[in-house]
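Per-entry structural report
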Amino acid sequence: MSSPASSRVSGPSATILDGDTAGSSPKQSVPTAFDHDFLSFGLTDRFCDVFWMTDWPSRAVTHVSRAYEKIWGRPCSDLYNDPASWSYAIHDEDRKRVVEAFGDLEALGCYDQEYRITRPDGAVRWIHARGFPIRNASGSICRVAGIAEDITERKRAEHVMRVEHRILEMIARGSALSDVFDALCVLIEETIPQSRCSVLLYDERADRLNFAAGPTLSDEFAAALDGLTVAEGFGGMGTAAFRRETVTIADTSTDPRAQKIRDLLQRCGVRACWTTPICSKEKKLEGTFTISRSTPGAPDPFELELLRAAANLAGLGIQRQRAEEDARCTGAQLAHFARLTTMGEMAAGIAHELNQPLAAIMNFTESCKRRLGTDAQEDATLVQTMDKVTAMADRAGAIIRRLKELVQKREPRRMSVDLNALVREVLALIASEVRLAGVTLELRLEDGLPPAFVDPVQIQQVVLNLTRNAIEALRSPHVGERRMVIGTSEVNHRELEFVISDTGSGLSAETVEHLFEPFTTTKSHGLGMGLSISKSIVGAHGGRLSFDSQVDHGATFRFTVPFTSDVSHAS
């Protein structure tokens, strides 16, 4: 080692106090005590990182440690023969920036860059290179020494975290499952060169895999994967689904697990296929996630970890969608149950409503019998009587049909409808309740409204819930004037609004706080589901359900639904 009198290093810039070096020409570099003492014992070859030293005036590489051969995959002799050869391996997108930064070292006083290199075997590695100048006694840079660290694992871990964050964010936001799958495939492809990703979903009834995502797959390949058999020999996808385990095919041209679709894989340029099954928490098969490559090869540990991570994320997306479907199904069942419960409560009023036209039919029929027994009556009178019979029968049939539609369990179907007509149909159903409660009803239905694009039965359910709540509020003995106002109008030039106001006692602060929560009710015999279900229905239509209330001054509820034109345009 050199003595302090011969060399001194301080901070990012080192100064060499050496007689020969201090007097050397700027274009010529001579070995220094620093070079000899530090390098001659081969200490740098023990480093995991690349230690390098360059003669600054000539840019010649004076030393590079053996780690260069391991990380770059190229012999050290290449650098000694061609000092610029290190830059040939730099990724095209990074090369210009990195080379220019090294050239600006004298002006910047340091060199610190992260970049990618491509090894001869095609593997991409991330490098963090740092360098600092070594100056001679006159202050000129005579050497540049530095460390090049392989940070590939750190970069990969950071990328995996970004992928997970991005996909989990999409899942939490409720993005469509197809969008989640597409984004996941693209993010994995950005990490693994020459890769193509795909997601297949398992159809348990048919025991086949159906194509779900593969944004960069050819149309031929995507079509062929739709309906893929779950069995040995059908590539990584079919085999992995059959075995319920990860299958990596390093070469599709020779591996027997690709035998039955080998021609397809070769035609579509798939030379390697790595697949892992997507399973639920209960270990039930949901599908497969596949990474295909155009060059043969087995996955390294990181790529295998990434494959499994992608399958887990896809599984989370599937679980989220299934949970939403279950919630919608539960909501539909609750709505159906609420409709049936409502019909039970309305049974007495319905019976009364039906008895009137049926009694009239009987009376008119008896009259016809009597008149048929005499010749004194004119035929015109008999025809008029029969017309009345027909009209009343039609009325009874209409009431029954509306009841049947209301309680029938069915899938939601949206269509263009007249909102005012829907309101009148509901009011016809509860007309007896309005009369029995002594409620004065005032209609303010705006004429000429554009059609609404809704499921008519669901919106009738919302109107029915709100009107029956208002009637219930007006039954209180403490209410003076029992008055209910129902109106419809156009708002914001893009929505229709339904409004119902009552002169009841209003809602307490405690009730308001939990008004739209399930099982919240002010009725002694109520289920507390009507407003919760109504809000869900309105929200599913893209509308809003809101209210205003003051104690002893009644309450006003309103909801909006879209125009037909708005929804069609959005679709």
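Report on the accompanying structure. This is a predicted model, so every value here is computed, not measured.

This part is about the pattern of salt bridges. Overall, the coordinates contain 32 salt bridges when judged by the stated rule. Asp94 is the partner of Arg97 in a salt bridge, and the nearest nitrogen-oxygen pair spans 3.5 Å. Placement of both Arg97 and Asp94 in helix H6 (residues 92-103) is noted, with a separation of three residues, approximately one turn of the helix. Overall, the relative accessible area of 37% leaves Arg97 in the partly exposed class. Overall, Asp94 belongs to the buried group, its relative accessible area being 6%. With a closest N to O distance of 3.4 Å, Asp300 and Arg156 form a salt bridge. With a gap of 144 residues between them, Asp300 in the loop between strand S13 (285-293) and helix H13 (301-345) and Arg156 in helix H8 (residues 152-173) connect regions that are remote in the sequence. Its relative accessible area of 14% is what places Arg156 among the buried residues. Sharing partners across several salt bridges, the network here consists of Glu93, Asp94, Arg97 and Arg116.

So, about helix H9 (residues 177-191). Between its first and last C-alpha, H9 extends 22 Å over 15 residues, near the 21 Å set by a 1.5 Å rise per residue. Along H9, the residues classified as buried are Leu177, Val180, Phe181, Ala183, Leu184, Cys185, Leu187, Ile188, Glu189 and Thr191.

Below, the discussion takes up the nonpolar core. One finds Ile459, Leu466, Met484, Ile486, Phe498, Ile500 and Phe559 to be the most contacted residues of the largest nonpolar core, which totals 40 residues. Sort the elements by how many residues they give to this core and helix H18 (residues 456-474) lands first, with eight residues. In this structure, Leu187, Ile291, Leu313 and Ala314 belong to the second largest nonpolar core, which totals 30 residues.

Turning next to the pairing of strand S3 (residues 50-55). Of all the six residues making up S3, six are buried; the element is thus mostly covered by neighbouring parts of the structure. Neither face of S3 is open: one carries Val50, Trp52 and Thr54, the other Phe51, Met53 and Asp55, and all of them are buried. In this structure, S3 lies alongside strand S7 (residues 141-150), joined through six bridges in antiparallel fashion. Considered in S7, the bridge of Asp55 is made with Arg143. In this sheet, strand S4 (residues 61-64) lies alongside S3 in antiparallel orientation, the contact comprising three bridges. Following the sheet pairing, Thr54 is matched in S4 by Val61. Count of turn residues in the S3/S4 antiparallel hairpin: five residues, of which Arg59 carries a positive phi of about 65 degrees.

Procedures and definitions
Residues numbered from 1 in each chain as written. Predicted model: local features only at pLDDT ≥ 70, side-chain atom pairs only at ≥ 80, totals over all residues. Heavy atoms only, no water. Salt bridge = Lys/Arg side-chain N within 4 Å of Asp/Glu carboxyl O. Helix = DSSP H or I, 4+ residues; strand = E, 2+ residues; numbered from the N terminus. Buried < 20%, exposed > 50% of the residue type's maximum accessible area, 1.4 Å probe, protein only. Expected span 1.5 Å × (residues − 1). Core = buried A, V, L, I, M, F, W, Y, C linked by side-chain atoms within 4.5 Å. Pairing = 2+ DSSP bridges.

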